[in-house]
Amino acid sequence: MRNRTVTSDVETRVERFRQMTDGQLVNRRTFLNVLGVLGVSAGVFRMTPALAQGREIVLVNWGGDAVTAMTEAFAEPFMQADPDHTVYVEGAGPSSGAIKSMVESGAVTWDVADRNIPASLELGRQCLLEEIDYTIVDRSKVRPEHAGQWGVGSYIFSNVICWDTKAFPDWEPTGWADFWNLADYPGTRTLRRHIDGQLEAALMADGVAPADIYPIDVDRALAKIAEIKENTIFWGSGSESQQLFRDREVVMGNMFNTRASVVRRESDAEIEFTYAQGIVWPGAWIVMKGNPAGSAVFDLIASMQDPAAQVVLFELLGNGPVNPEAAAMVPEALKPLDPGSPENYAKQIPADAEWYAENSAEVLNRYIEAIS
Amino acid sequence: MSGAALPAAPALPRMDRTQLIVWAMALLPIVVLCVFYFYPLMRVLTISVTEPEFGLGNYRDIFTSSAVRRVVQTTLWICVVSSVVSLFFGYLLAYAIVHAAPSWQSWMLLAVLLSFWVSVLIRTFSWIALLQTRGLVNETLQVIGLIDEPIRFIRNPFGVILGMVHYMIPYAVLPLMANMRTIDTRYVPAARGLGASPFGAFWRVFLPLSLPGLISASILVFIFSIGFYITPALLGGGRSTMVAEYIALQVNETLAWGQGTALASSMLILVFAMLVVLGRIVKFRTMFGAA
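As the structure is a prediction and not an experimental result, all values here were calculated from the model.

Student: How do you make sense of the overall build of chain A when you look at a structure like this?
Tutor: Along its length, chain A carries 15 helices and 11 strands. By the burial criterion, 46% of the 372 residues in chain A qualify as buried. Looking at chain A alone, contacts between residues at least 24 apart form 74% of all its contacts between residues at least 6 apart.

Student: Sorry if this is basic, but what is going on with the overall build of chain B here?
Tutor: Assigned secondary structure in chain B consists of 13 helices and zero strands. In sequence order, the secondary structure elements of chain B are arranged as α-α-α-α-α-α-α-α-α-α-α-α-α. Seen along its three principal axes, the alpha-carbon backbone of chain B occupies a region of about 85 × 55 × 35 Å. The burial tally for chain B puts 32% of its 291 residues in the buried class.

Student: It is not clear to me how the domain arrangement of chain A should be interpreted in this structure. Could you clarify?
Tutor: Interface size is commonly expressed as the accessible area that is lost once the parts come together. All names here are of chain A. When cut into domains, chain A gives domain 1 (2–155 + 283–324) and domain 2 (157–280 + 347–371). Between domain 1 and domain 2, the contact holds 11 residues from the first and 10 residues from the second. For the side of domain 1 that touches domain 2, a count of residues per class yields five nonpolar, five polar and one charged.

Student: Would you explain unusual backbone geometry in this entry?
Tutor: Leave glycine aside and you will find that most residues have negative phi; peptide bonds, for their part, are mostly trans. Of the consecutive residues Tyr-214 of chain A and Pro-215 of chain A, the connecting peptide bond is found in the cis state with omega at -5°. Summarising the element assignment, Pro-215 of chain A is placed in the loop between α8 (198–205) and α9 (218–228). With an omega dihedral of -5°, the bond running from Glu-51 of chain B to Pro-52 of chain B counts as a cis peptide bond. Note that Pro-52 of chain B resides in the loop between α1 (14–50) and α2 (57–64).

Student: What exactly am I supposed to notice about the packing of α2 of chain B against helix α12 (residues 257–281) of chain B here?
Tutor: The description of two helices packed together rests on the angle between their axes and the distance between the axes. All names here are of chain B. Running from N to C, α2 and α12 cross one another at 80°; their axes reach a closest spacing of 9 Å. One element, α2, and the other, α12, form an angle in the roughly perpendicular class. Two secondary-structure elements touch here, α2 through Asn-58, Tyr-59, Asp-61 and Ile-62 and α12 through Gly-258, Gln-259, Ala-262, Leu-263 and Ser-266. Taken together, the residues that form the contact of α2 with α12 break down as four nonpolar, four polar and one charged.

Student: Which parts of the structure should I look at to understand the nonpolar core?
Tutor: Nonpolar side chains tend to gather and get buried jointly when the protein is soluble and globular. Formed by 153 residues in total, the largest nonpolar core has its most connected members in Leu-59, Cys-162, Val-297 and Ile-301 of chain A together with Ala-172 of chain B. Broken down by element, this core gets its largest block of residues, 15 residues, from helix α7 (residues 157–180) of chain B. Residue contacts for Ile-301 of chain A: discarding those within four places in its chain leaves Val-112, Val-137, Val-152 and Trp-285 of chain A.

Student: Just checking my understanding: could you explain the environment of His-194 of chain A for this structure?
Tutor: Following the sequence through the fold, His-194 of chain A ends up in the loop between β6 (189–192) and α8. Separated by 166 residues in the primary sequence, His-194 of chain A and Ser-360 of chain A have C-alpha atoms spaced 9.4 Å apart.

Student: Looking at this structure, I do not really get the domain arrangement of chain B. What am I missing?
Tutor: Residues and elements named next belong to chain B. For chain B, the domain assignment lists domain 1 (9–50) and domain 2 (57–287). Using only C-alpha atoms to locate each centre, domain 1 and domain 2 end up separated by 33 Å. At the junction of the two partners, domain 1 supplies four residues and domain 2 supplies seven residues. When grouped by side-chain class, the residues that make up the side of domain 1 that touches domain 2 number three nonpolar, one polar and no charged.

Student: Which parts of the structure should I look at to understand the confidence of the model for chain B?
Tutor: Do not read the predicted coordinates in detail wherever pLDDT is low. Residue and element names in this part refer to chain B. On average, residues of chain B carry a pLDDT of 88, and 92% of them reach 70 or more. Ranking the elements of chain B by mean pLDDT puts helix α13 (residues 284–287) last with 62 and helix α3 (residues 66–99) first with 95. Below a pLDDT of 50 lies the segment residues 1–5, which in the model reaches four contacts outside its immediate sequence neighbourhood of four places, other chains included. Overall fold confidence (pTM) sits at 0.83, and the ipTM for the predicted complex is 0.83.

Student: I tried to follow the interface of chain A and chain B on my own but got confused; where do I start?
Tutor: With 25 residues of chain A in contact, the opposing surface of chain B contributes 26 residues. Listing elements by their share of the side of chain A that touches chain B, those giving two or more residues are α1 (2–22), α5 (96–105), β7 (232–235) and α15 (353–371) of chain A. Sorting elements by how many residues they give to the side of chain A that touches chain B places α15 of chain A first, with seven residues. Counted by class, the side of chain A that touches chain B contains eight nonpolar, eight polar and nine charged residues.

Student: Looking at this model, I keep getting lost on the packing of α7 of chain B against helix α9 (residues 198–226) of chain B. Mind explaining?
Tutor: All names here are of chain B. Contact geometry for α7 and α9: axes closest at 8 Å, N-to-C directions at 155°. By the criterion of interaxial angle, the relationship of α7 to α9 is roughly antiparallel. The handedness of the crossing between α7 and α9 is right-handed. In this structure, α7 contributes Met-164, Met-168, Tyr-171, Ala-172, Pro-175, Leu-176, Ala-178, Asn-179 and Met-180 to the contact, and α9 contributes Ser-210, Pro-212, Gly-213, Leu-214, Ser-216, Ala-217, Leu-220, Val-221, Phe-224 and Ser-225. Residues of the contact of α7 with α9, tallied by class, amount to 14 nonpolar, five polar and no charged.

Student: When you look at the pairing of strand β9 (residues 271–288) of chain A in this model, what are you seeing that I'm missing?
Tutor: Residue and element names in this part refer to chain A. Burial of β9 is extensive: 15 of the 18 residues sit out of reach of the surface. Of the pairings in the sheet, the one linking strand β3 (residues 112–116) to β9 comprises five bridges and is antiparallel in character. Note on β9: the bridge partner recorded for Asp-114 is Trp-285. Strand direction decides the pairing type here: strand β4 (residues 129–130) and β9, joined by two bridges, are antiparallel. Counterpart to Leu-129 in the pairing with β9 is Met-288. As paired strands, strand β5 (residues 151–164) and β9 are joined by 11 bridges and run antiparallel to one another.

Student: Got a minute to help me understand the environment of Tyr-39 of chain B in this structure?
Tutor: Along the chain, the position of Tyr-39 of chain B falls in helix α1. Of the residues examined, Tyr-39 of chain B has 11 C-beta atoms within 10 Å and is grouped as exposed.

Student: Explain α9 of chain A here, please?
Tutor: In an α-helix, one turn spans 3.6 residues, which is why side chains three or four residues apart end up on the same side. Looking at α9 of chain A, one finds that the buried residues are Ala-221, Leu-222, Lys-224 and Ile-225 of chain A. Seen along its axis, α9 of chain A keeps its buried residues to an arc of 160°; they face one direction.

Student: Explanation requested: α8 of chain A in the structure shown.
Tutor: Along α8 of chain A, eight of the eight residues are buried, which leaves the element largely enclosed by surrounding structure. Within the sequence span of α8 of chain A, burial applies to Gln-198, Leu-199, Glu-200, Ala-201, Ala-202, Leu-203, Met-204 and Ala-205 of chain A.

Procedures and definitions
- Residues numbered from 1 in each chain as written.
- Chains lettered and ligands numbered in written order.
- Predicted model: local features only at pLDDT ≥ 70, side-chain atom pairs only at ≥ 80, totals over all residues.
- Helix = DSSP H or I, 4+ residues; strand = E, 2+ residues; numbered from the N terminus.
- Buried ≥ 20, exposed ≤ 12 C-beta atoms within 10 Å, placed from the backbone.
- Contact = placed C-beta atoms within 7 Å.
- Domains from an automatic or database assignment.
- Nonpolar A, V, L, I, M, F, W, Y, C, P; charged D, E, K, R; others polar.
- Axes fitted to C-alpha atoms, helices over the stretch in contact; angles between N-to-C directions.
- Parallel < 35°, antiparallel > 145°, perpendicular 65-115°, else oblique.
- Core = buried A, V, L, I, M, F, W, Y, C linked by C-beta atoms within 7 Å.
- pLDDT = per-residue confidence, 0-100.
- Left-handed = near helix turned anticlockwise from the far one by under 90°.
- Pairing = 2+ DSSP bridges.
- Arc of directions from axis to C-beta.

Shown next as structure tokens:
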């Protein structure tokens, strides 16, 4: 008898909490986070449809400036057009591990994540993602190679050569061969502690023609990286790569154009970067399997295809617009910084998504071994 | 209905009631541990033998993968060096504290504990601020003309070892102090009186007596060292990948959860094995000076 009283007491409290949450006292995300912290699956509470299907859409990216920038460029215009939905931009970092644990435990709190096309293939093949609904998302607003089964192009970014003009006045690298040339251009380098865009750079430095990079000759690339590893700091996060330049720890680096453009702006172009032999990546929106907002997330993705919104993001963060229509809308003064502009695109090589989806995991371990 | 099964409280003898209260108080921590610690730990162990397929393949791969071998080698040499250095400085500190005037002892201990209480992340960033190319130390050395080019203190194995030693010294000092306090302070003067040199008296009398403390401190420090994650990641310049970071890579990036959890489980087993050895040498209660 006592047990029954206890159970009904809990039910009453949950019922009250449910009413409170419906009344917007606590938003769904906070509620789910609280449950997550308590280790309770959201399903336990059989939430009312209004709560479960969500008027909220959670977009997760890699944090820092990207949270405010994506809120301004994407979330606010969407909410103005569709007042029924609230978009939250969260900077928790949608790593593959976080996505896998979220989807497999059935406690999905994210709807759409800021990743890239190769990752969309890798994760999609493991049944962790929803397929992109091209009845809502417009295929014609991206280049064909950016309309994937589980990911649709969000913006364009590049691995570029960044250098300190104080160390090398009146000079500009012509490609990765200069980066590897420690004799003529001495000083510490920085490469990413990840293979994306690093192996390609090594091969180009070793004389492989840009057209012949893929499939990547991993042994050759790792041997080339081993040549300079003693003089190289390997960065982990994008902000670390920026800090290395701000602190003048390094004179040349392989970093993202987005991060490089911010350091360039801060330093009045004392830190400069070039798209010569850059490696271009298609960023992509991916949707978690069983995402709480359901198909409403595709309305958000479709609205983020708007070229004007993409230009706003470019101006704030340096992420190149993925919608080809947007290129013309970029202000003249900023065009040299756009990784997707026709001139810059032609100087670079596009990353091969299929190669990464197939080889990334195994080669990453070999890379860590090679640089250790 | 289940409530009726409980015996009436006043009928209990006094001793049993005390025990009941103790158990009731212990219940919450036990439940919390089971739910938030043992259950996830069991899942980790399970994944290591079920992903990608059932069996011990992941454990076999630990021995066949050259990347794992490389990471284990890096971990071992960094841990051995940083443990030895920590023990050396820890021994000096413990010796100094135990032999200092009583009024000084508590201040010296406080100094050790102060660094013990500061978060590892803050300490690591402090080292970066001090020792980077344009950090305080390099700038000062350049201004006073001792060096022309900045010295690379961090973002290399030296930086990792420095950060780890800084963290681990208190873990060496505390058990060593507890042990040295039990050594009769008249032994060394007695040895000197019998004609031993100062070093001889230390080497042949004090050191052997402090050996149990030294062994327990070394095991404790080594156990701590193998789990380091933040310090190598921030001070190692990306090239000193240790086991903990490699596990994180498998879990977050390559999604080789079977491999990652197998490594995590192996580390856990290694640590337990060392704790068993430690438990045979010294009682845990006495290690941190509990009476």
